[in-house]
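Take a look at the letters that make up each chain.
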Amino acid sequence: MLIVPPTAATSKSYDDLCDVYILCNTQNYTAGDAFDNQLKASLTSLQQLAQRRSSYRLLQIRGPGITLMTSFQCRGDLSPSKCSECVTAAVQTASSSCPSSIGSRVQKNGCFLRYEQYSYNVEDSSVVVELCNTQKNTDPYFKNQVQGIVSRVISSAPRHKNLFASASVSLGSQKGSSAGSKLYALAQCQGYLSPGQCADCLTAHSSSWQDCDAAVGSQIHSVSCYYRFETYPFFY
């Protein structure tokens, strides 16, 4: 996979359409061939399903010489209209950033889109990317609060609708701290996972946020799940 650098991946924004990461398979299909036609049809179907208020959908096509799986998932708190808008934007991003690629993954703040020429609807906790805020807070109190809220959303997501959970907690006054007055976190698993698989995926990297060395925000994205915390609101 080729990683296409996104723009403002950790921007302090409510922008659901902001790219977090983009992955493109380095192998290409030929314009107008059977794979190209099926891919276009599948991506159109995903957009139509999102317009009909679906927040997650996975499609698979098997035929002579063709295997294609496509899917999208919106962040659990997005409204149907915002979900549809995000999926449409993700399809456009995949087309422009990964032209003719036989596989692509587009993670935006508000949704995730993927297509491959193989089946991928299995639990996979392999890390795709870790993003760290450049601001630091070395206060032990802040670290304890992060550990608590990350544990909270990781344990809650497998038990909730859309395998999604979010939380916020107030931070006490911290002398010399550049952090905000609240801490926000969320966790979500891909819709093809069972609750047990979701729990396994999230707990596999439950302490990886510490790799960011006292950062005031972090995103840990694996193939089948992710979690994030920040000192500013990034969900509704």
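These numbers come from a predicted model, not from an experiment.

> Go over the packing of aromatic side chains, please, and point to the residues and values.
Each aromatic ring pair is specified by the distance between its two centres and by the angle formed by the two planes. Under the counting rule described, the total for this entry stands at five aromatic pairs. Relative to Phe 35, the ring of Tyr 29 lies with its centre 5.4 Å away and its plane at 45°, an arrangement referred to as tilted. Judged by its relative accessible area of 9%, Phe 35 falls in the buried class. Through a chain of ring-to-ring contacts, the aromatic side chains of Tyr 184, Phe 234 and Phe 235 assemble into a single cluster. The ring of Tyr 120 carries Arg 114 above its face, with NZ or CZ at 4.1 Å from the centroid. Above the ring of Phe 234, the side-chain terminus of Arg 228 is found at 4.2 Å from the ring centroid.

> Go over the environment of Ala 215 with me, naming the residues and quoting the values.
For Ala 215, the position within the fold is in the loop between α4 (195-203) and β10 (218-222). A relative accessible area of 6% means that Ala 215 is categorised as buried.

Scoring rules and cut-offs
Residues numbered from 1 in each chain as written. Predicted model: local features only at pLDDT ≥ 70, side-chain atom pairs only at ≥ 80, totals over all residues. Heavy atoms only, no water. Phe/Tyr/Trp six-rings, centres within 6.5 Å; stacked < 30°, edge-to-face > 60°. Buried < 20%, exposed > 50% of the residue type's maximum accessible area, 1.4 Å probe, protein only. Lys NZ or Arg CZ within 6 Å of the ring centre and 35° of its normal. Helix = DSSP H or I, 4+ residues; strand = E, 2+ residues; numbered from the N terminus.

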